[in-house]
Amino acid sequence: MATNLSIDPDLIDQALEVSGERTKKAAVTKALQEFVARRRQKRLLDLIGKLEWDDSYDYKAMRTRE
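A brief look at the structure comes next. (Residues numbered from 1 in each chain as written. Predicted model: local features only at pLDDT ≥ 70, side-chain atom pairs only at ≥ 80, totals over all residues. Heavy atoms only, no water.)

1. Topic: the environment of leucine 16
Within the secondary structure, leucine 16 is located in helix α1 (residues 9–19). Beyond its immediate sequence surroundings of up to four residues, leucine 16 is in contact with Glu21, Arg22, Thr23, Lys24 and Ala27. (Helix = DSSP H or I, 4+ residues; strand = E, 2+ residues; numbered from the N terminus. Contact = heavy atoms within 4.5 Å.)

2. Side note on the pattern of salt bridges
Applying the stated rule across the entire model yields two salt bridges. The partner of glutamate 21 in a salt bridge is lysine 30, with the nearest N and O atoms 3.0 Å apart. A residue is classified by how much of its surface remains accessible, and lysine 30, at 28% relative accessible area, is partly exposed. Aspartate 46 is paired through a salt bridge with lysine 42; the nearest N and O atoms lie 3.4 Å apart. Judged by its relative accessible area of 38%, aspartate 46 falls in the partly exposed class. (Salt bridge = Lys/Arg side-chain N within 4 Å of Asp/Glu carboxyl O. Buried < 20%, exposed > 50% of the residue type's maximum accessible area, 1.4 Å probe, protein only.)

3. Focus on the layout of surface pockets
Considered as a void within the structure, the largest pocket measures approximately 290 Å³ in volume. Every residue along the wall of the largest pocket is listed here: Met1, Ala2, Thr3, Asn4, Leu5, Ile7, Ile12, Lys25, Val28, Thr29 and Leu32. Ranked by the residues each element gives to the lining of the largest pocket, the list is headed by helix α2 (residues 24–45), at four residues. When grouped by side-chain class, the residues that make up the lining of the largest pocket number seven nonpolar, three polar and one charged. (1 Å grid on protein atoms, 1.4 Å probe; cavity = no way out; pocket = protein on both sides within 12 Å on 5 of 7 lines; lining within 4 Å. Points joined across faces, edges and corners; volume = space filled by probe spheres on them. Nonpolar A, V, L, I, M, F, W, Y, C, P; charged D, E, K, R; others polar.)

4. Quick word on a negative patch on the surface
Taken together, Asp8, Asp10, Asp13 and Glu17 make up a surface patch of like negative charges. Tracing the backbone shows aspartate 8 in the segment before α1. Judged by relative accessible area, aspartate 8 falls into the partly exposed class, the value being 43%. (Patch = residues over 30% accessible without salt bridge, like charges linked within 9 Å, V, L, I, M, F, W, Y side chains within 5 Å. Areas by Shrake-Rupley, 256 points an atom, 1.4 Å probe, with all protein chains shown as cover. Lys, Arg positive; Asp, Glu negative; His and termini not counted. Charge placed at Lys NZ, Arg CZ, Asp CG, Glu CD.)

5. Brief notes about the packing of α1 against α2
Close contact between α1 and α2 brings their axes to 9 Å; oriented N to C, the two are set at 80°. In terms of orientation, α1 lies roughly perpendicular with respect to α2. From α1, Ile12, Ala15, Leu16 and Ser19 reach across to α2, where they touch Lys24, Ala27, Val28 and Lys30. (Axes fitted to C-alpha atoms, helices over the stretch in contact; angles between N-to-C directions. Parallel < 35°, antiparallel > 145°, perpendicular 65-115°, else oblique.)

6. Some thoughts on α1
Measuring from the side-chain oxygen of the N-cap residue of α1 to the backbone nitrogen of aspartate 10 gives 3.0 Å; that N-cap residue is aspartate 8. Just downstream of α1, glycine 20 is the residue with a positive phi angle, here 80°. (Polar contact = N/O pair within 3.5 Å; in protein donor to acceptor, adjacent residues only side chain to side chain.)

As structure tokens, this is what we get:
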């Protein structure tokens, strides 16, 4: 999907420098991938202390091979 964006040229230059990517498209794609990954990780961290754990659950028992 083609998209026209007005992005700060200095920010693009910095993204190219720190990402090691050779093209603006690759740098923006990598930045978006990392942004999405971080947001997903943050959602997982937000669950800390909100889940109830079953202390009797034996995860090793579930690994047995038949």
